[in-house]
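Below are the chains, spelled out letter by letter.
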Amino acid sequence: MAVSLPMESNPETMNKYLQKLGVSNKWRMVDVMGLEGDPLKWVPRPVLAVILLFPLSEHYERHRSQQENELQVESQQPPKDVFHLKQVLSNVCGTIALVHSVANNTNTIDLEDGLLKEYLKSASGLDAAAKGALLENSTNILRAYEEVLNSPNNPANEDNEPVNNHFITFIHKNGNLYELDGRKSIPINHGPTTPETLLEDSAKICLEFIAREPDNIGFNVVALVPAQ
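- An unreviewed UniProt entry lists the protein chain under the name Ubiquitin carboxyl-terminal hydrolase, with Danaus chrysippus given as the organism.
- UniProt annotates the protein chain under Catalytic activity (unreviewed entry) with the comment "Thiol-dependent hydrolysis of ester, thioester, amide, peptide and isopeptide bonds formed by the C-terminal Gly of ubiquitin (a 76-residue protein attached to proteins as an intracellular targeting signal)."

**A closer look at the layout of surface pockets**
Okay, step 1: Here the largest pocket defines a volume of roughly 260 Å³.
Okay, step 2: If you trace the largest pocket, you find 16 residues lining it, with P79, K80, V82, L126 and K131 closest to the centre.
Okay, step 3: Grouping the constituent residues of the lining of the largest pocket by class yields eight nonpolar, four polar and four charged.

**Brief notes about the sheet that holds strand β4 (residues 176-180)**
Two pairing modes exist for strands in a sheet, parallel and antiparallel, and in both the strands are linked by backbone hydrogen bonds.
Okay, step 1: Across the sheet, six strands lie side by side as β1-β6-β2-β3-β4-β5; this open sheet has antiparallel pairing. In this open sheet, the two edge strands, each paired with only one partner strand, are β1 (27-31) and β5 (188-192). Taken pair by pair, the neighbouring strands of this sheet meet at an average axis angle of 25 degrees, ignoring direction.
Okay, step 2: Helix-sheet contacts for helix α8 (residues 198-211) involve β2 (49-55), β3 (165-173), β4, β5 and β6 (220-226), and the interaxial angle to β3 is about 145 degrees.

**Things to note about the nonpolar core**
Okay, step 1: If you look at the biggest cluster of nonpolar residues, it comprises 43 residues, and the most contacted ones within it are Y17, L116 and Y119.
Okay, step 2: For this core, the leading source of residues is helix α4 (residues 93-103), giving seven residues.
Okay, step 3: Residue contacts for Y119: discarding those within four places in its chain leaves F83, L85, V99, K131, L134, L135, S138 and I141.
Okay, step 4: Membership of the second largest hydrophobic core comes to 23 residues, among which are V50, I168, A203 and F219.

Cut-offs used in this document
- Residues numbered from 1 in each chain as written.
- Predicted model: local features only at pLDDT ≥ 70, side-chain atom pairs only at ≥ 80, totals over all residues.
- Heavy atoms only, no water.
- UniProt positions renumbered as here; feature names shortened; annotations may be inferred.
- 1 Å grid on protein atoms, 1.4 Å probe; cavity = no way out; pocket = protein on both sides within 12 Å on 5 of 7 lines; lining within 4 Å.
- Points joined across faces, edges and corners; volume = space filled by probe spheres on them.
- Nonpolar A, V, L, I, M, F, W, Y, C, P; charged D, E, K, R; others polar.
- Pairing = 2+ DSSP bridges.
- Helix = DSSP H or I, 4+ residues; strand = E, 2+ residues; numbered from the N terminus.
- Axes fitted to C-alpha atoms, helices over the stretch in contact; angles between N-to-C directions.
- Contact = heavy atoms within 4.5 Å.
- Core = buried A, V, L, I, M, F, W, Y, C linked by side-chain atoms within 4.5 Å.
- Buried < 20%, exposed > 50% of the residue type's maximum accessible area, 1.4 Å probe, protein only.

Here it is in structure tokens:
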């Protein structure tokens, strides 16, 4: 079983990690400086995925439990064309968020032969739990992040996020906005969206997360966009 280090919500570090996994340098993570108004317009387009970092808290756990209960009552099944994996290891949610971002956009992203392409090929046809177990044993993927952190030209990790934070991803698939959380059983469908409005629609859901934590400022949002 591999061991994972907590990921920092730092686009520069994330981009080095993505390239190490085999993602083309035509794509990169950037900070989203605000969730309303002009800051959303400053983000390059198209936006392929949005990643939210937020504090794990009692509010989140209650909301997650409520969602899971509703899904069970409604007997919702996971959409077959959305790549979603369950979190098994501690601290691996950052890697999962990046995998979710890329795996659901392989029709657009040039993925080179390498660690991530090999993982996705092996994960094809598996359910979310099995995908999570496969990542747990993908030592090279998790070690790649450690190598990025330890590289001489990597910025000092002063902003490294504590373990009580969590990453989730928002993507567009077949006209719907999906929230992909490794701690939830299936993707959460937040209703209609388009490739053009993914960022704005995701921002609205991010604001709902923030509203549930009025006394907490530990939020950060990044987006997967074309390199300029």
